[in-house]
Amino acid sequence: MSTALDISTDGPIRTWTISLPKVGNAITGKDVIADFEAAVDDANADTEVRAVILTGEGKIFSAGGNVKEMADQAGMFALSALDQRHAYIDGIQRIPRALSRLEVPLIGAINGAAIGAGCDLALMCDIRIASERASFAESFVQLGLIPGDGGSWFLQRVIGYQRAAEMTFTGDRIDAATALEWGLVSSVVAPDDLLPQARELAERIAKNPPHALRMAKRLLQESRTGSLESTLGMAAAMQPLAHRDPEHEQRIAKWRSPQ
């Protein structure tokens with residue numbers, strides 16, 4: 001049973017809530033890493049799931065790493081440098097790898113502060129909606145650290161190199177309005193409207209055929225780093241599968257004979 005992620009399902013929409021408020025919804029613990037992997041595998045296996053919403057319990061989305069453990073040199077932070085390298089690979093870096101395997105759209109409902117690895121976790125979502133109380137910081141450098149979980153890869157692809165450099169080199173926090181201006185989030189809403197807005201977006205997504213949704217997401221992801229030629233090749237391979245999907249045929253028939 002999940003201990004770090006609270007998972008609920010309502011029709012084709014699944015909601016993942018990071019449920020570790022005592023540690024600011026930190027995502028470096030073994031439980032939360034394993035829970036993310038299990039949640040991804042479960043969503044991928046269930047073809048009824050068409051969208052996932054990710055949020056945090058309480059007033060914080062995620063504070064990222066457990067700074068107390070760092071200060072106490074506990075857990076992985078008690079290891080030698082070489083062993084810590086493997087601890088990152090076998091630890092928090094499993095989260096971006098897992099989320100990259102998620103086949104359905106992932107909507108981040110950013111309810112509060114998203115700091116360090118918490119900011120990077122938000123960036124791993126396909127779409128982000130922020131509460132007016134949300135804030136974001138690529139704060140690693142302020143602790144004498146670097147983004148150890150893929151943030152340097154995600155951030156510049158979302159907001160461009162220059163603004164990513166500003167956030168990375170200063171570690172400064174930006175508010176929700178700035179995040180909207182910079183394209184880090186797609187919209188900013190009142191706190192009470194956050195989950196309803198995320199749900200409304202998820203419902204619009206979930207109206208579409210599940211297999212086409214999953215292929216469209218994979219095509220978008222591969223297109224971020226692939227060439228035009230490889231993208232065209234993948235599209236040519238996927239599209240015939242979509243044409244043979246019974247749901248496509250049903251929708252074409254409905255289009256030809258509107259009610």
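Worth saying up front: this structure is predicted, and the values here are computed from it rather than measured.

## Description of the sheet that holds strand 6 (residues 113-115)
Here's step 1: Strand order in this open sheet of four strands is 4-6-8-9, and the pairing throughout is mixed. Each end of this open sheet is capped by a strand with a single partner; those strands are strand 4 (60-62) and strand 9 (173-175). The average undirected angle you get between the axes of adjacent strands in this sheet is 20°.
Here's step 2: Pairing of strand 4 with strand 6 involves two bridges; the strand directions are parallel. Paired with serine 62 across the strands is alanine 114, a residue of strand 6.

## Comments concerning the domain arrangement of the protein
Here's step 1: What the domain assignment reports for the protein is domain 1 (5-207) and domain 2 (210-255).
Here's step 2: Here domain 1 and domain 2 have C-alpha centroids that lie 27 Å from each other.
Here's step 3: Opposite the 19 residues of domain 1 that make contact, domain 2 presents 10 residues.
Here's step 4: Across the domain 1/domain 2 interface, buried area totals approximately 1200 Å², and carbon plus sulfur atoms make up 44% of it.
Here's step 5: If you sort the residues of domain 1 by the area they bury against domain 2, Thr47, Arg50 and Glu103 come out on top, with a joint share of 35%.
Here's step 6: For the pair domain 1 and domain 2, the interface holds two salt bridges.
Here's step 7: Here lysine 217 makes a salt bridge to aspartate 126, at a shortest N to O gap of 2.9 Å.
Here's step 8: At the junction of domain 1 with domain 2, the criterion picks out 10 residue pairs in polar contact (both at pLDDT 80 or more).
Here's step 9: Elements with a contribution of two residues or more to the side of domain 1 that touches domain 2: helix 1 (30-45), helix 4 (94-101) and helix 6 (151-159).
Here's step 10: No other element matches helix 4, which puts three residues into the side of domain 1 that touches domain 2.
Here's step 11: In terms of residue class, the side of domain 1 that touches domain 2 is made up of nine nonpolar, three polar and seven charged.

## Details of the pattern of salt bridges
Here's step 1: Using the criterion set out here, one finds 11 salt bridges in the structure.
Here's step 2: A salt bridge links aspartate 41 to arginine 101; its shortest N-O distance comes to 3.0 Å. Of the two residues, aspartate 41 is situated in helix 1 and arginine 101 in helix 4; the sequence distance between them amounts to 60 residues.
Here's step 3: Judged by relative accessible area, aspartate 41 falls into the partly exposed class, the value being 43%.
Here's step 4: Note on arginine 101: relative accessible area 36%, which makes it partly exposed.
Here's step 5: Across the pair arginine 251 and glutamate 247 runs a salt bridge, and its minimum N-O distance is 3.2 Å. On the criterion of helical spacing, the pair formed by arginine 251 and glutamate 247 is a turn pair, its members being four residues apart in helix 12 (residues 246-256).
Here's step 6: The partly exposed category is assigned to arginine 251, whose relative accessible area is 35%.

## Let's talk about helix 6
Here's step 1: Every buried residue of helix 6 is listed here: Gly151, Phe154, Leu155 and Ile159. The buried residues of helix 6 occupy one face: seen down the axis, they fall within an arc of 95°.
Here's step 2: Each element contacted by the buried residues of helix 6 is listed here: helix 4, helix 5 (117-123) and helix 7 (161-170).
Here's step 3: Phi turns positive, to about 90°, at glycine 160, one or two residues after helix 6.

## With respect to the packing of helix 1 against helix 4
Here's step 1: Relative to each other, helix 1 and helix 4 sit at 10°, their axes nearing to 9 Å. One element, helix 1, and the other, helix 4, form an angle in the roughly parallel class. Contacts from Ile33, Ala34, Phe36, Glu37, Val40, Asp41 and Asn44 in helix 1 reach Arg94, Ile95, Ala98, Leu99 and Arg101 in helix 4.
Here's step 2: Split by residue class, the contact of helix 1 with helix 4 holds seven nonpolar, one polar and four charged.

## Overview of the sheet that holds strand 3 (residues 51-56)
Here's step 1: Taken in spatial order, the six strands line up as 1-2-3-5-7-10 in an open sheet, and their pairing is mixed. Each of the sheet's edge strands pairs with one partner strand only, and the pair in question is strand 1 (5-10) and strand 10 (187-189). In this sheet, neighbouring strand axes are inclined to one another by 20° on average, regardless of whether the strands run parallel or antiparallel.
Here's step 2: Bridge analysis of strand 1 against strand 2 (residues 13-18) gives six bridges, and the strand direction is antiparallel. Among the inter-strand pairings, aspartate 6 is bridged to a residue of strand 2, identified as threonine 17.

What counts, and where the lines are drawn
- Residues numbered from 1 in each chain as written.
- Predicted model: local features only at pLDDT ≥ 70, side-chain atom pairs only at ≥ 80, totals over all residues.
- Heavy atoms only, no water.
- Pairing = 2+ DSSP bridges.
- Helix = DSSP H or I, 4+ residues; strand = E, 2+ residues; numbered from the N terminus.
- Axes fitted to C-alpha atoms, helices over the stretch in contact; angles between N-to-C directions.
- Domains from an automatic or database assignment.
- Contact = heavy atoms within 4.5 Å.
- Buried area = accessible area lost by both parts, 1.4 Å probe.
- Salt bridge = Lys/Arg side-chain N within 4 Å of Asp/Glu carboxyl O.
- Polar contact = N/O pair within 3.5 Å; in protein donor to acceptor, adjacent residues only side chain to side chain.
- Nonpolar A, V, L, I, M, F, W, Y, C, P; charged D, E, K, R; others polar.
- Buried < 20%, exposed > 50% of the residue type's maximum accessible area, 1.4 Å probe, protein only.
- Arc of directions from axis to C-beta.
- Parallel < 35°, antiparallel > 145°, perpendicular 65-115°, else oblique.

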